[in-house]
Amino acid sequence: MVRHVRPNFVIFETMLRQLQAARSEGRKLFALLIDPDKNNESSLKHSAQLAEQSGVNFLLVGSSLLIEKGIERCLDHLRSHCKLPIILFPGNTLQVTSNADAILFLSLISGRNPELLIGQHVIAAPFIRKSGIEAIPTGYLLIDSGAPTSASYMSQTLPIPHDKDDIAAATSMAGELLGMKLIYLDAGSGARIPVRSSMIQKVRSAIDLPIIVGGGIRTPEKVTELFHAGADMVVVGNSIEQSPELLLDLAGAARN
Ligand code: 1GP
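What you see is a predicted model; the values in this text were computed from it and never measured.

## Some thoughts on the pattern of salt bridges
For the structure on display, the rule yields nine salt bridges. Between Arg-204 and Asp-232 there is a salt bridge whose closest N-O contact spans 2.8 Å. Of the two residues, Arg-204 sits in helix H7 (residues 197-206) while Asp-232 sits in the loop between helix H8 (220-229) and strand S10 (233-236), which places them 28 residues apart along the sequence. Arg-204 sits in the buried class, given a relative accessible area of 16%. On the accessibility criterion, Asp-232 (6% relative accessible area) is buried. Salt bridges sharing partners connect three or more residues here, namely Arg-23, Arg-204, Asp-208 and Asp-232.

Here's what the structure looks like:
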């Protein structure tokens, strides 16, 4: 299928189909999270080029707040320096823009904040439909990581306790039954402790959707461990901001 999403730009598959195909073929994927607030023009250029050289599959773009920079400017800079698909990972509706290849249409199903379960989606839906951007219904689960994170604070929700694998599995199952297409287990950016392998295994055995895991991942060994536990795509942001040279090894773990 060839789908035209923007003038002069053609994608051969939707982003969701790429994720589903990778899962059915057993290919693991790696995404680099770019926070527009933590990057300037020069670091965006560097990250974009490095990501392409390192075999990163997707760029995720989003922020808990978005204080400094516009999201469009960020996407324009990334696009002028690499050809990787860009998926929005929005912290709020101000980060929804049509200049991306897809958007994770996140419902925070680990929480009980109605605004993040459905309220903000109602606000964003007409724009998303009109823009033609691919929306990927995603069940988003925040997992406790030993300390409050920006995501837990900004969402005003209680994360799932890090050792409550059954709750994570039942929540993911509910997401699948509600028709969501991806499950994202997130310990939050800069988390002290990443999501535990036992939780990923439990979720893996409970659902048949691609599973994304992120938050506090700092070593290739951890990436490999999470893939073995059942993650289909790993997302890393913070540790690459601190040590960009880590990207080659971290992304490389997806191909080993
Ligand atoms: C956060 O999963 C992402 O939402 C990535 O986390 O920045 O800690 O890598 P880090």
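## Let's talk about empty space enclosed by the protein
Leftover empty space is mapped by rolling, across the atoms, a probe with the size of a water molecule. Considering all chains together, one arrives at two cavities of 30 Å³ or more under this definition. Considered as a void within the structure, the second largest cavity measures approximately 40 Å³ in volume. What lines the second largest cavity is Leu-142, Ile-143, Asp-144, Ser-145, Ala-147, Pro-148, Thr-149, Ser-152, Pro-159 and Ala-187. Among the residues making up the lining of the second largest cavity, the classes are represented as six nonpolar, three polar and one charged.

## As for the packing of helix H2 (residues 41-54) against helix H3 (residues 71-81)
Closest axis-to-axis distance for the H2/H3 pair is 8 Å, and the angle between their directions is 45°. With respect to their mutual orientation, H2 and H3 come out oblique. As for the relative orientation of H2 and H3, their crossing is right-handed in sense. Across from Glu-41, Leu-44, Lys-45, Ala-48, Gln-49 and Glu-52 in H2, the residues of H3 making contact are Cys-74, His-77, Leu-78 and His-81. Its residues assigned to classes, the contact of H2 with H3 comprises four nonpolar, three polar and three charged.

## Digging into the side chain of Asn-99
Secondary-structure assignment places Asn-99 in the loop between strand S5 (86-88) and strand S6 (102-108). A polar side-chain atom of Asn-99 sits 2.9 Å from a polar atom in the side chain of Asp-76.

## Digging into the pairing of S10
Judged by which residues are buried, S10 turns out to be covered on both faces: Met-233 and Val-235 on one side and Val-234 and Val-236 on the other are all buried. When strand S3 (residues 29-34) meets S10, the two strands line up parallel, connected through four bridges. Looking at the pairing, Leu-29 lines up with Met-233 of S10. Sheet analysis places strand S9 (residues 211-214) next to S10, joined by three bridges and oriented parallel. Each bridged residue has a counterpart across the sheet, and for Gly-214 the counterpart in S10 is Val-235. Between the parallel elements S9 and S10, the chain passes through H8 in a crossover that is right-handed.

## Considering unusual backbone geometry
Even without glycine at this site, Gln-156 takes up a positive phi of about 55°. Looking at Gln-156, the relative accessible area reads 59%, which means it is exposed.

## Let's talk about the sheet that holds S6
Read around the barrel, eight strands follow the order S3-S4-S5-S6-S7-S8-S9-S10 and close on themselves; strand pairing throughout is parallel. Put simply, the sheet's adjacent strands are angled 30° from each other on average, direction ignored. Across two bridges, S5 lies against S6 in parallel orientation. Of the residues in S6, the one forming a bridge with Leu-88 is Ile-103. Lying on the sheet, H8 is in contact with S3, S9 and S10; it crosses S10 at an angle near 150°.

Reading the values: the criteria
- Residues numbered from 1 in each chain as written.
- Predicted model: local features only at pLDDT ≥ 70, side-chain atom pairs only at ≥ 80, totals over all residues.
- Heavy atoms only, no water.
- Salt bridge = Lys/Arg side-chain N within 4 Å of Asp/Glu carboxyl O.
- Helix = DSSP H or I, 4+ residues; strand = E, 2+ residues; numbered from the N terminus.
- Buried < 20%, exposed > 50% of the residue type's maximum accessible area, 1.4 Å probe, protein only.
- 1 Å grid on protein atoms, 1.4 Å probe; cavity = no way out; pocket = protein on both sides within 12 Å on 5 of 7 lines; lining within 4 Å.
- Points joined across faces, edges and corners; volume = space filled by probe spheres on them.
- Nonpolar A, V, L, I, M, F, W, Y, C, P; charged D, E, K, R; others polar.
- Axes fitted to C-alpha atoms, helices over the stretch in contact; angles between N-to-C directions.
- Parallel < 35°, antiparallel > 145°, perpendicular 65-115°, else oblique.
- Left-handed = near helix turned anticlockwise from the far one by under 90°.
- Contact = heavy atoms within 4.5 Å.
- Polar contact = N/O pair within 3.5 Å; in protein donor to acceptor, adjacent residues only side chain to side chain.
- Pairing = 2+ DSSP bridges.
- Right-handed = clockwise from strand over helix to strand, strands pointing away.

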